[in-house]
Amino acid sequence: MTNRTLNPKVNEFLGKAKRWKEEFEKLRAIVLDCELTEEFKWMHPCYTFENKNIVLIHGFKEYCALLFHKGSLLKDPNGILIQQTENVQAARQIRFTNVQEIVEMESILKAYIHEAVEVEIAGLEVDFKKNEDYSMPEELQHKFDESPALKSAFEALTPGRQRAYLLHFAQPKQSKTRVARVEKYAQQILDGKGLND
C-alpha cells in the first residue's frame, strides 16, 4: 500500500464483507497505488481525483467489479468494460469472479484507472441522451391527450424523473401492461412525484 490515507468507513466496509473480501482488498490496493483519494459513497469504496469520482468498488452475487463512472469515454483496448444495462449511459464495469483474475490484470487495471483520471483532467463529459431521445410510449401519449393536466404535471417533473417514467412505461412488451402502468402512476405524476418517491 502507498502512504495514501485509508478511509475508516472503507476499513469498516471491508471488515464486514462476507463475500469478495480478498478481491475487494486487492482492488483497493491497486486503486490506492494510482494515488486516488479513498472515500465512501453510495455505501461503497469510491475513489476520487480532485473531488471527481473515478472508480468505485462493488460486489454482487455473481461477481465483484470496478465501476468507472465515465467508463463509456475510455478507449477499452482490451474489450473488458461492461455496460450493466442498456439504460446505463456513462458507467462501465470490469467484473471479476476471483482474486487471481485481479492479480493477473493489475497492470491493465492501472492503465484504465490512469486513463479515467486523464478523462477528468481533460474535462471530458459523457454526452447523455436527452429525454426527447427516448420514445414516448403510445399509451402515455393517449393518456396525455385525455388529460392535459397529466401532461403538464409530467412536463413539470425533473428530467431524471421523466426519464424514469418513460423507461418504466416503455418496458412491457404488451400494450395492456403499458396501459396498466400509466394508470397506476397517473396520480403520482399529478402529485409531482417521481417513480420511486
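These numbers come from a predicted model, not from an experiment.

Asks: Just checking my understanding: could you explain unusual backbone geometry for this structure?
Replies: Phi is mostly negative for residues that are not glycine, and the peptide bonds are mostly trans. Positive phi, normally seen in glycine, also occurs at methionine 43, with a value near 65°. Residue placement: methionine 43 occurs in the loop between strand 1 (37–41) and strand 2 (44–49). Given a relative accessible area of 62%, methionine 43 falls into the exposed group. Positive phi values are uncommon outside glycine, yet asparagine 51 reaches one of about 65°. For asparagine 51, the location among the structural elements is in the loop between strand 2 and strand 3 (52–59). Since its relative accessible area comes to 71%, asparagine 51 is described here as exposed.

Asks: In this structure, what is going on with the packing of aromatic side chains? I would like to understand it.
Replies: For any pair of aromatic rings, the description rests on two quantities: the centre-to-centre distance and the angle between the ring planes. Under the defined criterion, the tally for this structure stands at 9 aromatic pairs. Ring centres of phenylalanine 13 and phenylalanine 24 lie 5.5 Å apart, and the angle between their planes is 35°; on these two criteria the pair is classed as tilted. Note that phenylalanine 13 is positioned in helix 1 (residues 8–16) and phenylalanine 24 in helix 2 (residues 21–33), a separation of 11 residues in sequence. The buried category is assigned to phenylalanine 24, whose relative accessible area is 5%. Taken together, a centroid distance of 6.4 Å and an interplanar angle of 50° make the contact between phenylalanine 169 and tyrosine 185 tilted. Placement of phenylalanine 169 in helix 7 (residues 159–170) and of tyrosine 185 in helix 8 (residues 175–190) is noted, with a sequence separation of 16 residues between them. Tyrosine 185 carries the same exposure label as phenylalanine 169, and that label is buried. Through a chain of ring-to-ring contacts, the aromatic side chains of Phe144, Phe154, Tyr165, Phe169 and Tyr185 assemble into a single cluster. Over the ring of tryptophan 20 we find arginine 19; its NZ or CZ atom is 4.3 Å from the centre of that ring.

Asks: It is not clear to me how empty space enclosed by the protein should be interpreted in this structure. Could you clarify?
Replies: Any space left empty among the atoms is revealed by the rolling of a water-sized probe across them. Per the counting criterion, the structure on display carries 1 cavity of 30 Å³ or more. Taken as a whole, the largest cavity spans an internal volume of roughly 30 Å³. Taken together, Asn53, Ile54, Phe68, His69, Lys70, Gly71, Ala116 and Glu120 make up the lining of the largest cavity. Elements supplying a minimum of two residues to the lining of the largest cavity: strand 3 and helix 4 (106–121). Here the lining of the largest cavity is composed, by residue class, of 3 nonpolar, 3 polar and 2 charged.

Rules of the game
Residues numbered from 1 in each chain as written. Predicted model: local features only at pLDDT ≥ 70, side-chain atom pairs only at ≥ 80, totals over all residues. Heavy atoms only, no water. Helix = DSSP H or I, 4+ residues; strand = E, 2+ residues; numbered from the N terminus. Buried < 20%, exposed > 50% of the residue type's maximum accessible area, 1.4 Å probe, protein only. Phe/Tyr/Trp six-rings, centres within 6.5 Å; stacked < 30°, edge-to-face > 60°. Lys NZ or Arg CZ within 6 Å of the ring centre and 35° of its normal. 1 Å grid on protein atoms, 1.4 Å probe; cavity = no way out; pocket = protein on both sides within 12 Å on 5 of 7 lines; lining within 4 Å. Points joined across faces, edges and corners; volume = space filled by probe spheres on them. Nonpolar A, V, L, I, M, F, W, Y, C, P; charged D, E, K, R; others polar.

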